[in-house]
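# Structure at a glance
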Amino acid sequence: MVPQWKVSPQHRPRVQKYVDRIRRVLLPQRAHPRYKRIQRQRHQLHRQRWRNTRSEHRTRSRDGHNCHMTSAQYRTFGSKVYALIPHAYPLRRGDARFVNFLLDEFIAMVNLICVCRGSNIPGNGAALATIMARFLLMCIGTDAHTYAIIADVWGADDNTRHLLGGERGDLQLVYRRLTTNSKVATNFHHIWFNGPKRVISEETVNRLPSIMQSIFAYNQSHDAVTFVRDPASTGTEKVKIIMTNVQNGNTTIPPDTAFHALAARWYHEHLLNNDDATDDTGVDNGIFDAFGITFGH
């Protein structure tokens, strides 16, 4: 028995219009001998247009027009910008991996700082300097990775610039990715300190140098929180904490040195050319002094 659908009186003209169109247009089309071939050609045309659009999107991504990165691009970004070893888990895209990477970096930084105070074990200095350079790049703000700094470090070499910025060598893609990661890092530091289940204890922070304690104290404040659609935090206050220590003459760095020059040198020596860095590199360029880190003998 065929069900009889009830249609309200005010909708009957519209329904009848659709029924008449089906009888007048669609049914004769389907009965046409060339209907299937025409539909197949239309389907192939739509598929080709979709492939062309996808290819153009990938090309624009490689050239740095937006923030999208392919898996290969993200691996290159992680190895060249963050100086990660091959096959490290943060080289694979994913928010959970990046958050775990942030926590691993914090744990390694605290442990190495505590160990270096009591003894000077070979290899610890170079490892700690790399972590501090990554901390500056990821957790301070946009002032620590301006486009001028990125261009001075990763844009100075043609091969590195084209590996990161595509055929055009546009490093805007790197800048946008660093800005996104900086927002995530700052927000998660705030959550780890102020969340219902505190991840980083006050006792752990107290083991850090006073300069680091001031930076994390700022990250605990509500001013450090950046919402999704808000501009990324510049990190000016955290940069001022570091530069105040430098300008007060508490370090071996000349007091009149600009932050841009310091950050570019640290990134160049500890991230871009990490393989050439030694335990004395962080001492010579002043990255330990800037953060108040001391070594035992």
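Residues numbered from 1 in each chain as written. Predicted model: local features only at pLDDT ≥ 70, side-chain atom pairs only at ≥ 80, totals over all residues. Heavy atoms only, no water.

## Re the overall build of the protein chain
- The helix and strand tally for the protein chain stands at 14 helices and 0 strands.
- The order of helices and strands in the protein chain, counted from the N terminus, is α-α-α-α-α-α-α-α-α-α-α-α-α-α.
- A total of 297 residues make up the protein chain; the buried ones form 40% of that total.
- In the protein chain, the share of contacts with a sequence separation of at least 24, taken over all contacts with a separation of at least 6, comes to 69%.
- As displayed, the protein chain offers around 17500 Å² of accessible surface, 52% of which is attributable to carbon and sulfur atoms. (Helix = DSSP H or I, 4+ residues; strand = E, 2+ residues; numbered from the N terminus. Buried < 20%, exposed > 50% of the residue type's maximum accessible area, 1.4 Å probe, protein only. Contact = heavy atoms within 4.5 Å. Areas by Shrake-Rupley, 256 points an atom, 1.4 Å probe, with all protein chains shown as cover.)

## Some details on helix 4 (residues 95-118)
- The terminal C-alpha atoms of helix 4 lie 36 Å apart, and with 24 residues this matches the ideal 34 Å at 1.5 Å per residue to within 8%.
- Along helix 4, the positions that sit buried rather than exposed are Phe98, Val99, Phe101, Leu102, Glu105, Phe106, Met109, Val110, Leu112, Ile113 and Cys116.
- On its buried face, helix 4 is in contact with helix 3 (71-80), helix 5 (124-139), helix 8 (172-194), helix 9 (202-206) and helix 10 (210-220). (Expected span 1.5 Å × (residues − 1).)

## Some details on the packing of helix 10 against helix 11 (residues 236-247)
- At a minimum axis separation of 10 Å, helix 10 and helix 11 run at an interaxial angle of 165 degrees. As the angle between them shows, helix 10 and helix 11 are arranged roughly antiparallel. As for how helix 10 packs across helix 11, the hand of that crossing is right-handed. Facing Ile211, Ser214, Ile215, Tyr218 and Asn219 of helix 10, the residues of helix 11 in contact are Glu237, Lys238, Ile241, Ile242 and Asn245. (Axes fitted to C-alpha atoms, helices over the stretch in contact; angles between N-to-C directions. Parallel < 35°, antiparallel > 145°, perpendicular 65-115°, else oblique. Left-handed = near helix turned anticlockwise from the far one by under 90°.)

## Points about unusual backbone geometry
- With a phi angle near 55 degrees, alanine 83 is a residue other than glycine that sits in the positive phi range.
- Look at alanine 83 and you get buried, because its relative accessible area is 11%.
- In this structure, histidine 87 takes a positive phi of about 70 degrees despite not being glycine.
- With respect to the helices, strands and loops of the structure, histidine 87 is situated in the loop between helix 3 and helix 4.
- Relative accessible area serves as the criterion here: at 82%, histidine 87 is assigned to the exposed category.

## Things to note about the environment of methionine 212
- Mapped onto the fold, methionine 212 is located in helix 10.
- Taking the C-alpha atoms as reference points, methionine 212 and lysine 238, 26 residues apart in sequence, are found 9.5 Å from one another.
- Filtering out sequence-adjacent residues up to four positions away, methionine 212 remains in contact with Met109, Met132, Phe135 and Phe291.

## Remarks on the confidence of the model for the protein chain
- When pLDDT is averaged along the protein chain, the result is 83, and 89% of the positions lie at 70 or above.
- Element-level pLDDT for the protein chain is lowest in helix 2 (residues 35-62), with a mean of 70, against a maximum mean of 94 in helix 12 (residues 259-272).
- Low confidence marks residues 59-65, where pLDDT is under 50. Its contacts with residues over four positions away, or in another chain, come to 20 contacts. (pLDDT = per-residue confidence, 0-100.)

## Some points on the side chain of threonine 160
- By the element assignment, threonine 160 lies in helix 7 (residues 158-165).
- The buried category is assigned to threonine 160, whose relative accessible area is 6%.
- If we ignore the near neighbours within four places in the chain, the residues touching threonine 160 are Trp154 and Leu272.

## Brief notes about the packing of aromatic side chains
- Evaluation of the coordinates by the stated rule reveals 11 aromatic pairs.
- Ring geometry for tyrosine 82 and phenylalanine 101: centres 6.2 Å apart, planes at 45 degrees, overall tilted. Note that tyrosine 82 is positioned in the loop between helix 3 and helix 4 and phenylalanine 101 in helix 4, a separation of 19 residues in sequence.
- Cluster of aromatic residues (ring-pair linked, three or more members): Phe106, Phe135, Phe193, Phe216, Trp266 and Phe291. (Phe/Tyr/Trp six-rings, centres within 6.5 Å; stacked < 30°, edge-to-face > 60°.)

## Examining the nonpolar core
- Met109, Phe135, Leu136, Trp154, Tyr267 and Phe291 are the most contacted members of the largest nonpolar core, which totals 67 residues.
- Those residues within four positions of leucine 136 in sequence are excluded, and the remaining contacts are Ala144, Ile242, Phe259, Ala263, Trp266, Tyr267 and Phe291. (Core = buried A, V, L, I, M, F, W, Y, C linked by side-chain atoms within 4.5 Å.)

## Brief notes about a positive patch on the surface
- Residues Arg34, Lys36, Arg37 and Arg40 make up a contiguous surface patch of positive charge.
- Along the polypeptide, arginine 37 turns up in helix 2.
- Among the residues examined, arginine 37 registers a relative accessible area of 44% and is labelled partly exposed. (Patch = residues over 30% accessible without salt bridge, like charges linked within 9 Å, V, L, I, M, F, W, Y side chains within 5 Å. Salt bridge = Lys/Arg side-chain N within 4 Å of Asp/Glu carboxyl O. Lys, Arg positive; Asp, Glu negative; His and termini not counted. Charge placed at Lys NZ, Arg CZ, Asp CG, Glu CD.)

## So, the packing of helix 5 against helix 8
- At their nearest, the axes of helix 5 and helix 8 sit 7 Å apart, and the two run at 95 degrees to each other. Here helix 8 runs roughly perpendicular to helix 5, going by the angle between their axes. When helix 5 is examined against helix 8, the residues Phe135, Leu137, Met138 and Cys139 are found in contact with a partner set consisting of Leu178, Asn181, Ser182, Ala185, Thr186 and His189.
- Of the residues belonging to the contact of helix 5 with helix 8, the class tally is 6 nonpolar, 4 polar and no charged. (Nonpolar A, V, L, I, M, F, W, Y, C, P; charged D, E, K, R; others polar.)

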